[in-house]
Amino acid sequence: MFCNQCEQTAKGTGCTIAGVCGKNEEVADLQDLLTHALQGLALYALEGRKLGIIDDATDRFTVQAIFSTLTNVDFDPDRFVALIKRAVELREAMKSKVAAKGGTTAFSQASAVFVPASDSVAGLAAQGKALDLLERLDADANIRSLKQVVLFGVKGISAYADHAAILGQTDPAVFAFCYEVLVSLSSELTLDQGVALAMKAGETNLRAMELLDAANTGTYGHPTPTPVPLGHRKNKCILISGHDLADLEQLLMQTEGKGIDIYTHGEMLPCHGYPKLKKYPHLYGHFGTAWQNQQKEFPHFPGPILFTTNCIQKPRDDYKDRVFTNGLVGWPGVKHLSSKNYSAVIDMALAMPGFTDDADNGQVLVGFARNTVLGVADKVIEAVKSKAIRHFFLVGGCDGAKPGRDYYTRFVEQIPKDCMVLTLACGKFRFFDQQLGDIGGIPRLLDVGQCNDAYSAIQIAVALANAFGCGVNDLPLSLVLSWYEQKAVAILLTLLFLGIKDIRLGPSLPAFISPAVLEFLVNTFAIKPVDTPEADLKAILG
């Protein structure tokens with residue numbers, strides 16, 4: 001195997017024996033084979049679009065399948081058998097439709113005629129291994145690097161597109177771009193074409209995040225400032241992690257009146273701010289802190305744990321028996337729910353002791369998405385003009401277990417008291433419970449939401465820039481971002497597409513970025529690796 005798609009990749013170069021994330025070689029090979037199968041499907045899907053042939057089921061499957069190859073999503077090899085087989089079935093169906101309309105059906109790429117070896121995991125894994133997918137993207141290291149950038153970017157785009165589609169928000173252009181990227185992987189590209197494709201990925205991801213924002217706010221209302229307990233109360237309990245608001249809503253509906261409290265974990269924390277979700281009184285609090293503490297904290301949660309999407313380490317054996325997964329996420333030996341029926345989770349919660357006492361561990365505030373922040377924009381603008389607010393910092397992104405991420409805790413702790421901190425995504429768990437006070441009644445630490453709520457942060461920045469009659473790069477605003485997986489890659493490409501410069505990125509730079517591509521990013525966008533909190537604050541504030 002060879003995988004270098006996440007920040008924690010072995011030795012900063014690539015995982016070759018087993019993934020640091022927990023996936024084994026077999027799963028890595030199956031993911032590569034699924035990508036190959038999807039490349040074949042994409043050839044005919046793009047040709048079909050030229051002829052007016054658009055199949056919603058094929059589009060939806062494609063982003064779901066791409067999503068399944070994201071870091072920390074599906075590590076269950078048996079589930080890839082069905083995905084690979086389905087990709088080939090849909091390819092052949094699309095091929096027939098294209099042929100019926102006189103379109104091109106003769107493609108030279110091997111993916112166009114790929115035949116799965118068998119329905120066995122071992123046979124398919126062998127095919128995936130033989131592909132040597134990443135190494136064979138291109139003989140030129142810089143073109144190969146750019147192809148990896150857009151491939152990993154489209155994995156993030158697919159995640160957001162899938163979340164949005166669950167709530168009824170889709171755009172054919174987003175699906176079409178996913179096909180375009182899959183086809184480009186086996187096409188000749190120049191450096192300029194590769195850069196242009198990366199910028200288009202950023203543009204497409206902005207649209208995907210816009211769709212998801214519309215889906216979430218249109219269904220559940222715009223988030224409002226909401227205190228969330230970090231302690232617990234005496235009652236039965238279920239812990240839910242992931243990103244899908246629809247899954248949380250279903251769990252809340254099915255547990256209503258059953259004497260079970262629902263606790264959020266990770267990227268579910270911002271859900272407490274949505275009006276339609278927080279109306280449920282048993283949506284009680286948040287459990288868990290930083291990403292690296294999950295394996296220590298989860299064994300002590302006295303109820304079942306439901307994972308809906310990625311961003312979680314493979315469960316340890318000491319609590320794996322009470323872990324349930326839904327949607328794309330899955331691990332061998334963990335109970336997977338194929339529907340939104342959570343009766344098995346509920347039954348386990350009622351059978352377990354739950355919390356037997358009350359504990360007050362303080363609280364955190366969530367719900368500072370764009371509507372809330374822009375609702376006090378006049379106060380913010382006046383505070384900047386009066387020098388009460390000197391600078392804004394957006395400190396957020398992914399969290400992870402690799403050493404060095406305490407940088408973000410130390411950075412926020414040292415930010416001067418006349419500066420504001422906006423944060424989003426699971427990277428905030430390095431400092432989300434810091435008591436930073438306020439400036440003129442506005443909390444200094446504003447939780448904008450999930451990683452996809454980078455859309456909200458962008459809208460806030462654009463609105464402030466318009467108010468001050470300047471560009472976003474001229475605002476007293478600095479972005480200090482952490483990355484871990486491919487959604488962060490998609491968001492970074494969006495920021496670059498928007499022309500945002502001077503981004504500090506860490507805790508280390510992507511292994512898939514070649515020296516020449518890195519030089520381009522530094523020269524064009526002034527991307528910088530994080531240094532020390534002290535050095536970076538001095539460089540930013542002078």
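Everything here concerns the structure above.
In this text the structure is predicted, and so the values were computed from the model without any measurement.

A. Representation of the sheet that holds strand β4 (residues 283-286) in the model. Strand order in the open sheet made by the 6 strands is β4-β3-β2-β5-β6-β7, with parallel pairing throughout. Each edge of the open sheet is held by one strand with a lone partner, namely β4 and β7 (335-337). Neighbour to neighbour, the strand axes of the sheet diverge by 30° on average, direction disregarded. Taken together, the 3 bridges between strand β2 (residues 236-241) and strand β5 (residues 305-307) define a ladder with parallel strand orientation. Across the sheet, L239 pairs through a bridge with I305, a residue of β5.

B. How the structure looks around the packing of aromatic side chains. On inspection of all chains with the given rule, the structure shows 17 aromatic pairs. Ring geometry for F520 versus F525: centroids 6.4 Å apart, planes at 80°, classification edge-to-face. Residue F525 is classed as buried on the basis of its relative accessible area of 8%. An aromatic cluster is built from Y263, Y284, F287, F301 and F355, whose rings are joined through pairwise contacts. K335 extends its terminal NZ or CZ atom over the ring of F324, reaching a point 5.0 Å from the ring centre.

C. Main features of the pattern of salt bridges. If you walk through the whole model with that rule in mind, you get 26 salt bridges. We note a salt bridge from E180 to K200, for which the minimum N-O separation is 2.8 Å. Highlighted residues: E180 in helix α6 (residues 172-184) and K200 in helix α7 (residues 191-220), separated in sequence by 20 residues. Given the relative accessible area of 34%, K200 is considered partly exposed. Close ionic contact of K320 with D317 constitutes a salt bridge, the shortest N to O distance being 3.3 Å. You can call D317 exposed: its relative accessible area is 65%. Connected through shared salt-bridge partners, D171, R207 and E210 make up one network.

D. Main features of empty space enclosed by the protein. Applying the stated criterion to the full structure yields 8 cavities of 30 Å³ or more. Each pocket or cavity is described by its volume, and for the largest cavity that value is around 660 Å³. In this structure, the largest cavity is lined by 50 residues; those nearest its centre are L479, L481, I491, L492 and L495. Contributions of two or more residues to the lining of the largest cavity are made by α5 (141-166), α7, β9 (391-397), β10 (419-424), α15 (454-468), β14 (477-482), α16 (486-497) and α17 (515-525). When residues of the lining of the largest cavity are assigned to their parent elements, the largest contribution, 7 residues, is made by α16. Here the residues of the lining of the largest cavity are counted per class, giving 47 nonpolar, 3 polar and no charged. In this structure, the second largest cavity occupies an estimated 130 Å³ of space. Along its surface, the second largest cavity is lined by 14 residues, and C3, Q5, D32, L134 and K155 are the ones closest to its centre. Sorting the residues of the lining of the second largest cavity by element identifies α1 (25-50) and α5 as the ones contributing at least two each.

E. Molecular detail of the state of the cysteines. By the definition in use, this model includes 0 disulfides. No disulfide involves C3; its nearest neighbouring cysteine sulfur is the one of C15, lying 6.2 Å away.

F. Quick peek at α15. Over its 15 residues, α15 extends 21 Å from the first C-alpha to the last, a length consistent with the 21 Å expected when each residue adds 1.5 Å. The set of residues buried in α15 consists of A454, Y455, S456, A457, I458, I460, A461, L464 and A465. The positive-phi residue at the C-terminal boundary of α15 is G469, with phi of around 65°.

G. Quick peek at the environment of T13. Here T13 lies in the segment before α1. Judged by its relative accessible area of 48%, T13 is partly exposed. Dropping the residues within four chain positions of it, T13 is found in contact with F2, N4 and A511.

About the criteria used
Residues numbered from 1 in each chain as written. Predicted model: local features only at pLDDT ≥ 70, side-chain atom pairs only at ≥ 80, totals over all residues. Heavy atoms only, no water. Pairing = 2+ DSSP bridges. Helix = DSSP H or I, 4+ residues; strand = E, 2+ residues; numbered from the N terminus. Axes fitted to C-alpha atoms, helices over the stretch in contact; angles between N-to-C directions. Phe/Tyr/Trp six-rings, centres within 6.5 Å; stacked < 30°, edge-to-face > 60°. Buried < 20%, exposed > 50% of the residue type's maximum accessible area, 1.4 Å probe, protein only. Lys NZ or Arg CZ within 6 Å of the ring centre and 35° of its normal. Salt bridge = Lys/Arg side-chain N within 4 Å of Asp/Glu carboxyl O. 1 Å grid on protein atoms, 1.4 Å probe; cavity = no way out; pocket = protein on both sides within 12 Å on 5 of 7 lines; lining within 4 Å. Points joined across faces, edges and corners; volume = space filled by probe spheres on them. Nonpolar A, V, L, I, M, F, W, Y, C, P; charged D, E, K, R; others polar. Disulfide = S-S within 2.5 Å. Expected span 1.5 Å × (residues − 1). Contact = heavy atoms within 4.5 Å.

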